[in-house]
Structures are given as C-alpha cells and as structure tokens.
Amino acid sequence: MSKKQAICPGSFDPITFGHMDIISRGANVFDEVIIVVANNESKDSLFTVKERMDLISKATKDIPNVKIDACNGLLIDYVRTTGAKVILRGLRAVSDFEYEMQITSINRKLDESVETFFVMTNNQYSFLSSSIVKEVAKYHSPVSDLVPPVVEAALKEKFSK
Ligand code: ADP
C-alpha cells in the first residue's frame, strides 16, 4: 500500500508552537507529513527560506515521519510532483476561516483529486501567529512560551543586529 502523505504548507516565518501542534497532530494520523516552506515573494519575511527550513528541521527533530521542503510556484503544482493527495492546514479561530476557504476552493478547482484537511489547534495556541511572535521578540520580550528554544535564539540574534 502506498504511503499516506500530507503536505503542510505555510510561511513558517518562523515556526511556532502553533505550527508544531498542527504538524504533530498530522504526524499521528498520516504516514508522512511534508512541511513545505512557501517562498512567497509578495510577503516580507524576516528569515530566508533556508533559515526557516533549518529552524523547522531542528524544531521537529523528534518527529520521525516529517520531511521538509520548499516551494516556489503554485502549491498545487508542488503537491502534484509528490503524488500526495492531502493538504494539511491549521485553524485557529473563526478569523482563519474565510481565507482558508478561499485557498481551499481555488486548490480544489485546480485539482479535484487533492483534499484539504483542517486540524483545530490546541486552545492555548489559538492566538498565536508568527507575526505576533516577531512583534514581541522585536521589543526583546520573552517568547519562550510561544516558540521552541532554537527559534527563540534565532529571533534574539536577528533583533540584536
Ligand atoms: P500562511 O502564510 O500560509 O498562512 P503560516 O505559516 O502563517 O502560513 O501558517 C501555516 C499554517 O499553519 C496555516 O494553516 C495556519 O492556519 C497554521 N497555523 C499558524 N499558526 C497556527 C496556530 N497558532 N495554531 C494552529 N495553526 C496555525
């Protein structure tokens, strides 16, 4: 039987405990979760794609069935190259719903055979986003409850310059 893979796409700028919650829930259900860092040029990012992949790799080192990759173009084209049939996304609050519905609809239009699965995050992370983390870290406030230690160290380094 072929492996059930799920593609977990996002900016991950940087990875937070919210992302990790979704990834580990996904890893409990699917044979393999491929975390895909989207190289979205219209978004200003703090970390390069390579830095983001490196942080994800360190943060998820204890989850054996996780792989990390990057994607430049349309996500659905990337998904097709892997042969995976599932996109995994997280939902925090109602505010995520409209945006997620838009992307899911367009992805479905582009490829009917790929299904998007949503996982609801643990309540304690429903306010958490990479943007909030960057805002807090920028003013040198502690982010140890929000991101793994490697990410905290990388943020410190970025904002010390
Ligand atoms: P994007 O720019 O594609 O929204 P993000 O890195 O912000 O990328 O998010 C990637 C995925 O992780 C999305 O499905 C998003 O809803 C989910 N996510 C982000 N933060 C959290 C969180 N705190 N709890 C649950 N899911 C989250």
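Residues numbered from 1 in each chain as written. Predicted model: local features only at pLDDT ≥ 70, side-chain atom pairs only at ≥ 80, totals over all residues. Heavy atoms only, no water.

1. Quick look at the site of the ligand
Worth spelling out the cut-off: Whether a residue is near a molecule or strand depends on its heavy atoms: it is near if one of them lies within 4 Å of it. All accessible areas in this document rest on Shrake-Rupley with a 1.4 Å probe, and a residue is counted as covered only by the protein chains that are shown. Each helix corresponds to a stretch of at least 4 residues labelled H or I by DSSP, and each strand to a stretch of at least 2 residues labelled E; elements are numbered beginning at the N terminus. Classification used: nonpolar for Ala, Val, Leu, Ile, Met, Phe, Trp, Tyr, Cys and Pro, charged for Asp, Glu, Lys and Arg, polar for all others including Gly.
Near the ligand, the surroundings consist of 17 residues, among which Ser 11, Lys 43, Gly 90, Tyr 125 and Leu 128 are the closest. Contact with the protein chains covers 91% of the free accessible surface of the ligand, which is 550 Å². Of all elements in the fold, only β1 (5–10), α1 (17–29), β4 (86–91) and α4 (94–110) reach the threshold of two or more residues within the shell around the ligand. Residues that form the shell around the ligand fall into these classes: six nonpolar, six polar and five charged.

2. Things to note about the side chain of Thr 121
Counted only if it meets this: To sort residues, take the accessible area from a 1.4 Å probe on protein chains only and compare it with the maximum for the residue type: under 20% means buried, over 50% means exposed, and anything in between is partly exposed. Residue contacts are counted whenever heavy atoms from the two residues lie within 4.5 Å of one another.
Of note, Thr 121 is situated in the loop between β5 (115–120) and α5 (130–138). When its relative accessible area of 10% is taken as the criterion, Thr 121 is described as buried. Excluding anything up to four places from it in sequence, Thr 121 contacts Gly 18, Asp 21, Ile 22, Leu 91, Arg 92 and Ser 126.

3. Let's talk about the nonpolar core
Quick note on the threshold: Definition of nonpolar core: a set of buried residues of the types Ala, Val, Leu, Ile, Met, Phe, Trp, Tyr and Cys, connected through side-chain atoms within 4.5 Å.
Among the nonpolar cores identified, the biggest contains 31 residues, and Phe 12, Ile 15 and Leu 155 are the most heavily contacted of them. Secondary-structure elements contributing two or more residues to this core are β1, α1, β2 (32–38), α2 (49–59), β4, α5 and α6 (149–160). Non-local contacts of Ile 15, meaning those with residues more than four positions away in its chain, are made with Met 20, Ile 23, Leu 55, Ile 56, Ala 59, Thr 60, Val 147, Pro 148 and Val 151. Judged by nonpolar contacts, the second largest core, of eleven residues, contains Ile 34, Val 36, Tyr 78 and Val 114.

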